[in-house]
Amino acid sequence: MKQCLFFVTALFFWSASFSQDLNTRAKLQVTVSDDKGLAVENATVEIRKQKDSSLVKAAFTDKKGIAEMENIRAGFYWIKISATGYRPANGNVFELKTGETQLQLPAVVLQPSVNTLQEVTVTGKKPFLQRLQDRLVVNVENSIVSAGSSAMDVLERSPGISIDQNDVIAMRGRQGVIIMIDGKPTPLSGADLANYLRGLPANAIERIDLITNPSSRYDASGNSGIIDIRMRKDQRMGTNGTLNAGYGQGVYPKANTGGTVNYRNKKWNLFGNYNYSYRVNLNHLLLDRSFYSNNAYAGGDLKDNYSKRPSDFHALRSGADFFPDKKNIIGFVVTHNQGIFQNTTNNNSIVINPQKQYSSTFQTTALNNDGSRNTVANLNFKHSFDKPGKELTADIDYGRYRNTSLTNTATKYYTLGGGMLQPDYTLLGDQLGTLTLRTAKIDFTNPLAKSAKLEAGAKTSYVSSDNDAKFTDISTGTPVNDVNKTNHFFYDEYNNAAYINYSREFKKFNIQFGLRGEHTRVKTHQVMGNTYFDSSYFQLFPSAFINYKIKDDQTIGLSVSRRIDRPGYAQLNPFLFLIDVTTYATGNPSLLPQFTWSYELNYTIKGINLSASYSHTKQNQNIAIARFKDVFPNIPQADNVTVQIPINLSSSDYYGITLAAPVRLNKWWNMIHNANLYYNQFNGSLGSTTLNNGKPAFDYRVNNSFTMGGGWSSELNGNYTTGGQYGFMVLDPQWGIAAGVQKSLWQNRATLRLNVTDIFWTNLPKAVITYNNYIEKWHAYRETRVANLSFTWRFGKNTVQAARRRTTASEEERQRAGN
């Protein structure tokens, strides 16, 4: 650990000390206008070397048509200018002499193109991490280290993201993250979401957007922000696509393959992609559990839980856009995925008596055969008015998620000498869950005078869930229905929302104010006990954003918003799931939504971003571990049995400071530093345990990218976290190092990548959970160290056509099914 800390610290300070180049560099400026003499805004200006036309730097023109590029070395160059609606233009070769600090290039006049959708050749490469005004973008397709990994692996390596032993995802130390796929929240939850993310290959992902404070246009859910996973799309004219394949080896093998195909002309855009993955995952969990009564030790156990999880996963996405005229677009998208997830778990437990002596053992073998089949269809429409920027969009979604689970859990009890202690216990489970979502939304955007804009929209949704679980005890050889575990649960939710946003650009600053109102009604029916629940509520969610431009390279901004986190559908499911005979998990139909006020102040200077944030959450949702008899008092059980159950704490407070600093050491070495210092404070109680404390935590990640000659490039990444507190759980520190190399082939039409993640196998979670009557210590060994080899081939035309991003109506609903 000390060696790792020394390495990361030395690397940071060494990079900072060499970030100033010893050679004199100059600032170039060029003005771009059209044939009428008007400034052309957002034109792309590229500086290229005369020798080999390689790209040196690129910039966009501002409202005055001026583009500036700094830190250019002496040499011979030429410029290339391109803009939508204009013909590309190339400037003459010019010389930047040694000692010059500034050079004004001749003005460039662009001529309008006959076809306003002129193609633009792809020349640039996005960095792995990009800090934008309202989000951090992880460009997965440009990451060498991410090749061959799964979506879950990429998330775990993303700045500020952590995943605990229950696969709960947190952003900057806060749980309650909304996960979207192409702007649509996935309805999967718990183990179903984890299976989906582990089955989804990273090479099917274009980028991941980390949004910490969304505006009122987004659904109000997500107290800690939004993770939007954007899938790859081929945006080129004509027929084109990609093919990819990869193999990885950790403790167990992993493989993936897939491809995309796209056809586009002036009237149609047809697209589709398919990805398949086969992965065998490992989860080796060590548990040390201690029980107390009246502050005296009452017994405990030591558990060695080894799980091997082979999975087959298929993901298919297809759709089309039809352009009947220049003002209207009609499209549809169908997304389907299905998987088989088998799990063999061997659990060896040693029982400890109140005198802290070993008293007996038991062994549990759990066989799971889980299946998922999920389909969502979207129909969308977009109308553009004569007024530029004025548009109307509409979406209708229908989705069906079906999950099955067959389980066989067999337990044998032994004395310390190996003799049989009591009869074996075998439980069979047959579970079926179906979730159906129906959503529709409409959005309207209207530019106003003086650089202002008005946005408004409405959304309605109806989600129904039917979960049936049958458990049979076959210990005696005669099947007997277990009435304490067999159950049938129905859930219906109706949600209606509307929002309005106003924004305006001034010379030195811009503002945005929004208000969203949501009305929700929830109805549940639990067959066991014939229990009904019916409630409704209406809430307002305001938001405000203000950004002030101090200088061209300095901006300060302030944002505030109120958000809601409704429970995931699986969190409300009261089914009792057997992990082993002393450990259960269940949902909580009485779980309430949590409400959060979030505030963020950010400052950006020359690409370096510093932000300070604070949030206060009421009715904080958290996972608790309780004595079984406290949760189910009518079911006779031994004292030393626990159940995992979601609960509401009274409140939580979050304080955080985040730094994102790109550093260019020289033309072949770029670094991106991301640091996050935060403190979580929790308030609440569970039984006799009162919680009113927190713990500071620090998370640091560095990404090094090296560009070498001959199409070679490489990456070296490191991360370190001190841990942190999540409710009753306190995590230990962990760190990891990853490296990869890439070779471009066949005139950049193919890419070969080799990488190794978590080289020293140290990025492993470890924690302590503390209550007045119970303490649990756990340590999880996962396959964080994997060597991956992947190959990608791109075929078809290499010209880019602007693509339309599709954000459908079922954003929040699809997420909550996966939360």
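Please read these numbers as outputs of a predicted model, since none were measured by experiment.

S.K.: Run through the overall build of the protein chain, naming residues and quoting values.
M.R.: Within the protein chain one finds 5 helices and 50 strands. Within the span of the protein chain, comprising 819 residues, buried residues form 53% of the whole. For the protein chain, the share of sequence-separated contacts (at least 6 apart) that also reach a separation of at least 24 residues comes to 68%. Total accessible area on the protein chain is roughly 36200 Å²; 58% of this is exposed by carbon and sulfur atoms.

S.K.: Now, about the pattern of salt bridges: what can you tell me, with residues and values included?
M.R.: For the coordinates displayed, the defined rule picks out 17 salt bridges. In this structure, arginine 207 and aspartate 209 form a salt bridge, with 2.8 Å as the shortest nitrogen-oxygen distance. You'll find arginine 207 and aspartate 209 in the same group, each marked buried. One connected set of salt bridges, linked through shared partners, spans Arg289, Asp301, Lys303 and Asp580.

S.K.: I'd love a proper account of the nonpolar core, names of residues and values included.
M.R.: With 49 residues, the main nonpolar core has Ile647, Leu686, Phe728, Ile769, Tyr771 and Trp778 as its most contacted residues. Element by element, the count of residues in this core is highest for strand S26 (residues 425-448), at 4 residues. Ranked by size, the runner-up nonpolar core spans 24 residues in total, among them Val30, Val32, Val40 and Ala67.

S.K.: How would you sum up the pairing of strand S40 (residues 669-686)? Please name residues and give values.
M.R.: The element S40 is largely enclosed, with a buried count of 14 among its 18 residues. Hairpin connection of strand S39 (residues 651-666) to S40: 2 residues between the antiparallel strands. The hairpin turn running from S40 into strand S41 (residues 689-707), its antiparallel successor, is 2 residues long, and glycine 687 in that turn takes a positive phi close to 60°.

S.K.: Go over the environment of arginine 438 with me, naming the residues and quoting the values.
M.R.: Looking at where arginine 438 falls in the secondary structure, it is placed in strand S26. By relative accessible area, which is 31% here, arginine 438 ends up partly exposed. A sequence separation of 40 residues divides arginine 438 from tyrosine 398, and the C-alpha atoms of the two residues are 4.8 Å apart. Dropping the residues within four chain positions of it, arginine 438 is found in contact with Asp397, Tyr398, Thr460, Ser461, Tyr462 and Ser464.

S.K.: Tell me about the packing of aromatic side chains, residues and numbers included.
M.R.: In this description, an aromatic ring pair is defined by two values, namely the gap between the centres and the angle between the planes. Per the stated rule, a full pass over the model turns up 23 aromatic pairs. Pairwise contacts between aromatic rings join Trp597, Tyr599, Tyr614, Tyr655 and Tyr679 into one cluster. In this arrangement the basic side chain of lysine 356 is found over the ring face of tyrosine 297, its NZ or CZ atom lying 5.2 Å from the centre. Sitting over the ring of phenylalanine 385, lysine 390 keeps its end group 4.9 Å from the ring centre.

S.K.: Could you give me a rundown of unusual backbone geometry, with the residues and numbers involved?
M.R.: We note that asparagine 295 has phi near 70°; this positive angle belongs to a residue other than glycine. With respect to the element layout, asparagine 295 can be found in the loop between strand S21 (268-293) and strand S22 (296-325). By relative accessible area, asparagine 295 is classed as exposed at 75%. With a phi angle near 45°, aspartate 758 is a residue other than glycine that sits in the positive phi range. Within the secondary structure, aspartate 758 sits in the loop between strand S46 (750-757) and strand S47 (766-770).

S.K.: Tell me about the pairing of strand S34 (residues 583-586), residues and numbers included.
M.R.: With burial as the criterion, each face of S34 is covered, one bearing Thr583 and Ala585 and the other bearing Tyr584 and Thr586. Sheet analysis places strand S33 (residues 576-580) next to S34, joined by 4 bridges and oriented antiparallel. What sits directly across from leucine 578, in S34, is tyrosine 584. Counted between consecutive antiparallel strands, the loop separating S33 from S34 contains 2 residues.

S.K.: Account for the confidence of the model for the protein chain, naming residues and giving values.
M.R.: Considering every residue of the protein chain, the mean pLDDT works out to 82; 81% of them sit at 70 or more. Low pLDDT, under 50, characterises residues 114-124; the predicted model gives this stretch 22 contacts beyond four residues in sequence or across chains. Scored below 50 in pLDDT, residues 632-637 shows 7 contacts in the model against residues more than four places distant or in partner chains.

S.K.: Can you explain a nonpolar patch on the surface? Please cite residues and give values.
M.R.: Taken together, the side chains of Leu448, Tyr502, Phe509, Phe513, Ile546, Tyr548, Ile550, Ile556, Leu558 and Leu601 make up a nonpolar region of the molecular surface, amounting to roughly 800 Å² of accessible area. Contributions of two or more residues to the nonpolar patch are made by strand S30 (509-526), strand S31 (531-551) and strand S32 (554-565). Ranked by the residues each element gives to the nonpolar patch, the list is headed by S31, at 3 residues. Tracing the backbone shows isoleucine 550 in strand S31.

S.K.: Kindly report on the environment of arginine 664, identifying the contributing residues and their values.
M.R.: Mapped onto the secondary structure, arginine 664 falls in strand S39. Looking at arginine 664, the relative accessible area reads 41%, which means it is partly exposed. In this structure the C-alpha to C-alpha distance between arginine 664 and asparagine 704, which are 40 residues apart in sequence, comes to 9.8 Å. Of the polar contacts made by the side chain of arginine 664, one reaches the backbone oxygen of lysine 667; its length is 3.5 Å.

S.K.: Provide a residue-level description of the environment of asparagine 346, including the pertinent values.
M.R.: By secondary structure assignment, the location of asparagine 346 is in strand S23 (residues 328-352). By relative accessible area, asparagine 346 is classed as partly exposed at 37%. Ignoring anything within four residues of it in the chain, the contact list for asparagine 346 reads Asp304, Asn305, Tyr306, Thr364 and Thr365. Polar side-chain contacts of asparagine 346 include one of 3.4 Å to the side chain of threonine 365.

Calculation notes
- Residues numbered from 1 in each chain as written.
- Predicted model: local features only at pLDDT ≥ 70, side-chain atom pairs only at ≥ 80, totals over all residues.
- Heavy atoms only, no water.
- Helix = DSSP H or I, 4+ residues; strand = E, 2+ residues; numbered from the N terminus.
- Buried < 20%, exposed > 50% of the residue type's maximum accessible area, 1.4 Å probe, protein only.
- Contact = heavy atoms within 4.5 Å.
- Areas by Shrake-Rupley, 256 points an atom, 1.4 Å probe, with all protein chains shown as cover.
- Salt bridge = Lys/Arg side-chain N within 4 Å of Asp/Glu carboxyl O.
- Core = buried A, V, L, I, M, F, W, Y, C linked by side-chain atoms within 4.5 Å.
- Pairing = 2+ DSSP bridges.
- Phe/Tyr/Trp six-rings, centres within 6.5 Å; stacked < 30°, edge-to-face > 60°.
- Lys NZ or Arg CZ within 6 Å of the ring centre and 35° of its normal.
- pLDDT = per-residue confidence, 0-100.
- Patch = residues over 30% accessible without salt bridge, like charges linked within 9 Å, V, L, I, M, F, W, Y side chains within 5 Å.
- Polar contact = N/O pair within 3.5 Å; in protein donor to acceptor, adjacent residues only side chain to side chain.

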